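Fold and contact review
One letter stands for each residue in the lines below.
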Amino acid sequence: MAIKQNLRTMKWAAWLGWQMESNWADPFLFIVYSVAKPIAGSLILVVMYTIIAQLGGDTDPALFSFMYIGNAFFMYVMLLLWHVTWVIHDDREHFQTMRYIYIAPFNYFIYILGRTISNIVITTFGVIITLVFGVFVLGVDIPLGAINWPLFVIVMVIGLIGIMAFGLALAGISFITAKHSMGMNEGIGGIFYLFCGVIFPVSVLPGWGIAFAKILPTTYWLDMIRRTMGVGAGVDPALAGVSMTSSLLILCISTVAISIFAVLIFKLGDYIARSKGLIDMTTAY
Amino acid sequence: MIFEDYEKPTWLRMNLRAVVGRAYPRIIGANREPSWVFFETFLPILAVSAYVYFYTAMNAPDQFIGYVIIGGAMTAYWMNVLWSMAAQWFWEKEMGNLELFLIAPISRMAILGGMALGGMFTSTVRALSTMIAGILLFGVAFSLHDPLMFIGIFVFTMLALYGMGMMFASLYMLWGREAWHMSNLLTEPIYLASGFYFPIKGFVHILGQPGFWVAAGASIIPITLGLDAMRQVLYPAEVDGFLPLWVELLALVLLTGIFLILAKLSLEHMEKVAKREGRLTMRWQ
Amino acid sequence: MTKYAVELKDLCRTFKTRAVKGTRKKQLVTALDGVDLRIKEGELFGLLGPNGAGKTTIIKILSTLLFPTSGEAKVLGYDVMKESHKIRKVINMVSGGESSGYGLLTVDENLWMFTQFYGMPGKVARKRIDALLRIMELEEKRNVKVRTLSTGMRQKTNMIRGFMTDPSVIFLDEPTLGLDVNAARMIRKFIKNWIRAKPERTVLLTTHYMMEADELCDRVAIINEGKVLACDTPENLKRLVAQESTLKLEIRLVKDIRAFENIKGVKHFTYDHNINAGLTKLKFILDDDAIVSDIVSAVPKSGSKIVSVEKVEPTLEDVFVTLVGRGLVNDI
């Protein structure tokens, strides 16, 4: 019964998110979120790379593919984390419906997950379009025949669970923090952008940065994505010694650990918000 | 109850008071929710650092790290224009404040100016923290030979930029979420077009003559020329500027005039249209 | 010549709604349909009507937030279409059930911010805020963040915001909506005192509460589906539905009621003896209130004494039901 109720909540929340933020039936929204933003984001790096290549820098096509693929898949991290914070602040301060949603007899936790599902769908379009653009326009080498599809799908699913777990932790924090324009939304993703080997090899980071990178599941997720796609091999010496099986194992363990941690943070944020009466606060200024 | 009367202020004084009045909650609000320090100083440095390491991974010349830091610092102002001024109009509408602002006998530009001024406090803290991080973490060295020129460029970039932001705000008179999506569209694509992380002359090197026109087109956005001019002032020996410095300053002065006039006209026009269509204070659009 | 604070001539406003799913046709909704109203300077004028009657639309037009589709609207002689900037200097508006300003600011800070939008010098603003906080009994809450206030306190803050600029014309849109009896009473008292203090002040009030309109307003317009159905003083409006009035008397028990039977001007007379209580109840339907004294003087003639007299008056509710065809309660 509870499962049925939760599934219904998730379905309804996904529909709501779709209506509010995504909705591919609206060509403008499709262009904004699935074409313009992802492609522009990738082109920034492409231009940076090309300028340095022209100046005779240490550029290598493998690094280009490494960067391009990493950046494309990082969209999941950036947009999901961004979205979760946004949902809380939007419901709480903008529509001021938080109190009604919160007291409804469904799990708010499930509601947040549901709202992110529509975001995963729209991000997937953005990722696919970016990859297609990379292959056909920029000559990014993705050997379609060499992709290990079953492993790719498994890694994708585990990775998305990990990202959603981070999102939930962030939702817990959003309960008790004020809305500061876009600060938190854009900022949190920066941690992963810097430390998870998204656009440059982890080995470039200082020693403490490499150590930190190695405890983040997203580092292994992106590495595994590249490996299953056969792209960017050998670019990152910091992770070169880790075998595929070890990587997958670390990814699984760290995802479980992060998920437990996220649930605890979410519950703690929820508890503090209720204790201090912050659930329906308005902090916009 | 009879109030003691007072000498009615001049139009200018009244609007200046309105600017201060609206700036007040921005500054006080930020300080009353100190979590902004973390979100607006520490987090933005992370994403900027990622671009720094991307250049490092390619062994790019040192000045490119400085270019990224300058661009990263200036994103604070662009975000402030997009989200804390233009999109804030939408937020105010939803909170029920917009109608109270609009029935007051003041210019709409004074309200927006107040938001801009108040928002500049946190933006400047963010920009400075990025610059300081650049100097301390990455050893960036700027050579400020012409401080007057730098101040001139900064001031006119800001005036033109905020004029442009006021123009965007006028869209929110008529639209709600649609304009919000528009603001979303103007993040990554503008980071690309305006050369936040690379000098825009790069377009010319990569694309040749069409690249010149891309950069020229992007120069309509004041931050494009502002960034290029700042890089020219801070790296006089190394940077390959898009246009001569004095031309860029002159263009910024012109853009300031154009955008402030356009902002006034568009605010008036959009307000009229919104009042005709009954959408000025319509919520949940 | 009478100076009008508000003039509405054949005022119309329609709204286009988004196309209904499955059709491309946009629907046209009429919010105001030829409204004619004149509110004199110094009047406390009430607009009574169910939800969607057009009351808020009128206020939005007058407060320069909305253009009429056709017709004319003026505030203190200034046209809402052409002279918005002049109107804004002399008006203010308070809506019930809404909070204004920023929850993070204190009551004091929020109010100060709004004075700055009217260019008020600091000292003047301070004095006015102090005085109004005192009247509204909010002095203790002046340094409390607005987001922590109760609904009643928020509405009082909202009222202070509207009145502190000393507007010549103030629009009050359901100012006591959702308030408890004490808070609502305080606000009504404040409005009454406000308008009495200076004869050129005008208040346009919309309300759901009949008693509020009856108690406060010099004149009331009843509006429904964008049309003004009646506009007059509450007394005259009540007379619209009751040309005749009812008088009820309780007297010591009498056997002979002939003294009451042929009084001139009595349209209808009924009586009822309550032997256990030792009372006789009399009910007269009168053509004219002037004959009340004839009835009262007939009591001693009948050998009895008056225990109680009650003149049953029609209420605005009766007027509303008669004109609109339904009561307001159904709409709330």
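Once a new chain begins, its residue numbering starts again from 1 and follows that chain's sequence as written. Written order determines the labels here, with chains lettered from A and ligands numbered from 1. Reporting of local features is limited, given that this is a predicted model, to residues whose pLDDT is at least 70; pairs of side-chain atoms are given and counted only at 80 or more, and all residues count toward the totals for whole chains, interfaces and linings.

A closer look at the domain arrangement of chain C
The domain boundaries assigned to chain C delineate domain 1 (42-66 + 79-240) and domain 2 (243-312). On a C-alpha basis, the centres of domain 1 of chain C and domain 2 of chain C stand 45 Å from each other. The start and end points of each domain follow an automatic or database-based domain assignment.

Here we look at the interface of chain C and chain B
The interface is formed by 34 residues belonging to chain C together with 33 residues belonging to chain B. In DSSP terms, a helix is any run of H or I states spanning at least four residues, a strand is any run of E spanning at least two, and both are numbered starting from the N terminus. Elements represented by at least two residues in the side of chain C that touches chain B include exactly helix 2 (84-88), strand 6 (91-95), helix 3 (107-116), helix 4 (122-135) and helix 6 (181-197) of chain C. Of all the elements, helix 4 of chain C adds the most residues to the side of chain C that touches chain B, at five residues. Its residues assigned to classes, the side of chain C that touches chain B shows 18 nonpolar, eight polar and eight charged. A pair of residues counts as a contact when their C-beta atoms, built from backbone coordinates, are within 7 Å of each other. Each residue receives one of three labels: charged for Asp, Glu, Lys and Arg, nonpolar for Ala, Val, Leu, Ile, Met, Phe, Trp, Tyr, Cys and Pro, and polar for the others, Gly being one of them.

Some points on the nonpolar core
Buried Ala, Val, Leu, Ile, Met, Phe, Trp, Tyr and Cys residues form a nonpolar core when they are connected through C-beta atoms within 7 Å. The exposure label follows from counting other C-beta atoms within 10 Å of a residue's C-beta, where the C-beta atoms are placed from the backbone and the thresholds are 20 or more for buried and 12 or fewer for exposed, leaving partly exposed in between. Counting residues in hydrophobic clusters, the biggest one holds 258 residues, and the most contacted among them are Met 48 of chain A together with Phe 54, Tyr 55, Val 68 and Met 74 of chain B. Not counting chain neighbours up to four residues away, the residues in contact with Val 68 of chain B comprise Val 48, Tyr 51, Val 52, Tyr 55 and Tyr 197 of chain B.

Considering the sheet that holds strand 9 (residues 219-224) of chain C
All names here are of chain C. Sheet architecture is open: six strands sit in the order 6-7-8-3-9-10, paired in mixed fashion. Across the chains shown, the open sheet's two edge strands, defined by having one partner strand only, are strand 6 and strand 10 (227-232). Adjacent strand axes in the sheet meet at a mean angle of 15 degrees, parallel and antiparallel pairs treated alike. A strand pair is defined by DSSP finding two or more bridges across the two strands. Across five bridges, the pairing between strand 7 (residues 169-173) and strand 8 (residues 202-207) is parallel. Looking at the pairing, Asp 173 lines up with Thr 206 of strand 8. Between N-to-C directions, angles cover 0 to 180 degrees, with each direction set by a line fitted to C-alpha atoms, over the stretch in contact for helices. Against the sheet, helix 1 (residues 55-62) touches strand 3 (44-48), strand 6, strand 7, strand 8 and strand 9, its axis set at about 150 degrees to strand 7.

What to know about the interface of chain B and chain A
Facing 42 residues of chain B, the contacting portion of chain A comprises 46 residues. Sorting the residues of the side of chain B that touches chain A by element identifies helix 1 (11-32), helix 2 (35-57), helix 3 (63-95), helix 7 (177-185), helix 8 (188-193) and helix 9 (201-207) of chain B as the ones contributing at least two each. Among the elements that make up the side of chain B that touches chain A, the one with the highest residue count is helix 2 of chain B (15 residues).

Things to note about helix 7 of chain B
Quick reminder: α-helices carry 3.6 residues per turn. Residues three or four places apart thus point the same way. Residues and elements named next belong to chain B. Among the residues of helix 7, Ala 179, Trp 180 and Ser 183 are the ones counted as buried. The buried side chains of helix 7 occupy one side of the element, clustering within an arc of 105 degrees when seen end-on. The inward-facing, buried residues of helix 7 contact helix 3 and helix 6 (147-174). The arc under discussion is defined with respect to the helix axis, by the directions toward the C-beta atoms.

So, the packing of helix 3 (residues 61-94) of chain A against helix 5 (residues 108-138) of chain A
Residue and element names in this part refer to chain A. Running from N to C, helix 3 and helix 5 point in directions that differ by 155 degrees, and their axes come no closer than 9 Å. Regarding the angle of helix 3 to helix 5, the classification is roughly antiparallel. Our pair here, helix 3 against helix 5, has a crossing hand that is right-handed. Listed contacts from helix 5 to Tyr 68, Ala 72, Phe 73, Met 75, Tyr 76, Leu 79, Leu 80, His 83, Val 84 and Val 87 of helix 3 are Ile 112, Arg 115, Thr 116, Asn 119, Thr 123, Gly 126, Val 127, Thr 130, Leu 131 and Gly 134. Split into classes, the residues belonging to the contact of helix 3 with helix 5 amount to twelve nonpolar, seven polar and one charged. To sort the angles, those under 35 degrees are grouped as roughly parallel, those over 145 as roughly antiparallel, those from 65 to 115 as roughly perpendicular, and the leftovers as oblique. Each helix crossing is assigned a hand: it is left-handed if the near helix lies turned anticlockwise from the far helix by less than a right angle, otherwise right-handed if that turn is clockwise.

Focus on the pairing of strand 11 (residues 245-252) of chain C
Residues and elements named next belong to chain C. As paired elements, strand 11 and strand 13 (residues 279-286) share eight bridges and run antiparallel to each other. Each bridged residue has a counterpart across the sheet, and for Leu 249 the counterpart in strand 13 is Leu 282. Two strands pair when backbone bridges link them, and strand 11 and strand 14 (residues 306-312) are joined in this way by six bridges, in the antiparallel orientation. Considered in strand 14, the bridge of Lys 248 is made with Glu 310.

Details of the environment of Phe 106 of chain A
Residue and element names in this part refer to chain A. Mapped onto the elements, Phe 106 comes out in the loop between helix 4 (98-103) and helix 5. A residue is classified by how many C-beta atoms lie within 10 Å of it, and Phe 106, with 17 of them, is partly exposed. Along the backbone, Phe 106 and Arg 274 are 168 residues apart, and their C-alpha atoms lie at a distance of 17 Å. Setting aside anything within four residues of it in sequence, one finds Phe 106 in contact with Gln 5, Thr 9 and Tyr 111.

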